[in-house]
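Report on the structure
Take a look at the letters that make up each chain.
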Amino acid sequence: MNFWKSFKPKSCAVHLQAESKEAALAEVVGNLIGGEALPARCKDEALEALLARERLGSTGVGMGVAIPHVKLKGIERAACSLSVHATGLEWQALDGAPVHILCTVLRPDKPGESHDPQRHLEMMQWIARVAREPDFRRFALKVKTKTELVELLREMSAV
Amino acid sequence: MAESQRSVRLSNPTGLHARPCHAIASTAQAYRSDLRVSCEGREVNGKSILDLMTLCAPCDAVLAFRAVGEDAEALVSALAELVEGGFGEHI
């Protein structure tokens, strides 16, 4: 499995600066645009989609992890970002724990040459398997660079 | 210890994605009983969203709930109602 390849270091973050859920999502969208995973024209729509998803129910899945995951018009391939927040953010997660690891995925709203919905579901399943690995969560908080963060995902690709 | 089991077919079009997983886990956490959920030979902790997400159960898949504890039957009934209602999604 090479789902880790969807996560480009330039779109990830080892030290999110935000101090709220909303600011964190805005920062992640900015990183996705900066990393050229998401067109700049999609900025407002992407953020609104992520915020709307949170209003529907928290994407905090427990164990300090959140998986914000939305469909977005106007993109042809999934835009993915792995981000770490050192002190943790209040995310209204089911277990009440602050979120340290954000795995954000924005995907096209329809199938296309670069987007296979079935493969996408498999990637989300893989993300869940990775996220529940204690080693992944522990090491993600210790890495120093974005490249190391993606390398960690690569190492976890066999889970 | 009381035990209750029930199998329910997923009717919502998108299957067991993150939000239904959240709905199952949050419902289960309101009960004292332990919950195991299985699908196509895999069994996970029904109180963990991440565990449930790894089932990746599509629409029409059958989820088997097995609760053990004093309120097992009430938990399984609540879950069956949740799944049969399509988690509030359009069916």
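Thresholds, definitions, all that
- Residues numbered from 1 in each chain as written.
- Chains lettered and ligands numbered in written order.
- Predicted model: local features only at pLDDT ≥ 70, side-chain atom pairs only at ≥ 80, totals over all residues.
- Heavy atoms only, no water.
- Helix = DSSP H or I, 4+ residues; strand = E, 2+ residues; numbered from the N terminus.
- Rg over C-alpha atoms; globule rule 2.2 N^0.38 Å.
- Buried < 20%, exposed > 50% of the residue type's maximum accessible area, 1.4 Å probe, protein only.
- Lys, Arg positive; Asp, Glu negative; His and termini not counted.
- Charge placed at Lys NZ, Arg CZ, Asp CG, Glu CD.
- Pairing = 2+ DSSP bridges.
- Axes fitted to C-alpha atoms, helices over the stretch in contact; angles between N-to-C directions.
- Contact = heavy atoms within 4.5 Å.
- Buried area = accessible area lost by both parts, 1.4 Å probe.
- Salt bridge = Lys/Arg side-chain N within 4 Å of Asp/Glu carboxyl O.
- Polar contact = N/O pair within 3.5 Å; in protein donor to acceptor, adjacent residues only side chain to side chain.
- Phe/Tyr/Trp six-rings, centres within 6.5 Å; stacked < 30°, edge-to-face > 60°.
- Lys NZ or Arg CZ within 6 Å of the ring centre and 35° of its normal.

**Topic: the overall build of chain A**
A count of helical and extended segments in chain A gives five helices and five strands. Against the globule reference of 15 Å for 159 residues, chain A gives a C-alpha radius of gyration of 14 Å, in line with a compact fold. Seen through its principal axes, chain A has C-alpha atoms that stretch 35 × 35 × 25 Å. Within chain A, the proportion of its 159 residues that are buried is 50%. Looking at charge distribution, chain A has the averaged site of its 22 positive side-chain charges lying 3 Å from that of its 20 negative ones.

**Let's talk about the sheet that holds strand 4 (residues 62–68) of chain B**
Residue and element names in this part refer to chain B. Strand order across the open sheet formed by four strands is 1-4-2-3, with antiparallel pairing between neighbours. Taken across any chain shown, the strands that pair with only one partner, and hence form the sheet edges, are strand 1 (3–9) and strand 3 (42–45). Within this sheet the neighbouring strands show an average axis-to-axis angle of 20°, counted without direction. Of the pairings in the sheet, the one linking strand 2 (residues 34–39) to strand 3 comprises four bridges and is antiparallel in character. Within the sheet, the bridge partner assigned to Arg36 lies in strand 3 and is Asn45. Strands in contact with helix 3 (residues 72–84) are strand 1, strand 2 and strand 4; relative to strand 1, the strand with the most contacts, it is inclined by about 5°.

**A look at the environment of A:Ser20**
Residue and element names in this part refer to chain A. Note that Ser20 resides in the segment before helix 1 (21–34). For Ser20, a relative accessible area of 27% translates into the label partly exposed. When the C-alpha atoms of Ser20 and Leu89 are compared, they prove to be 6.2 Å apart, with 69 residues separating the residues in sequence.

**Here's the deal with the interface of chain B and chain A**
Each side of the interface is counted separately: chain B has 15 residues, and chain A has 16 residues. Of the roughly 1,400 Å² buried between chain B and chain A on both sides combined, carbon and sulfur atoms contribute 68%. If you look at where chain B meets chain A, you find one salt bridge. For B:Asp51, the salt bridge is made with A:Arg132, and the minimal N-O distance between the two is 2.7 Å. Summed over the shared surface of chain B and chain A, the number is two residue pairs in polar contact (both at pLDDT 80 or more).

**Focus on the packing of aromatic side chains**
We describe a pair of aromatic rings using the distance from one ring centre to the other and the angle between the two ring planes. As enumerated under the stated definition, the model contains one aromatic pair over all chains in all. Over the face of the ring belonging to A:Phe139 we find A:Arg138, whose NZ or CZ atom lies 5.4 Å from the ring centre.

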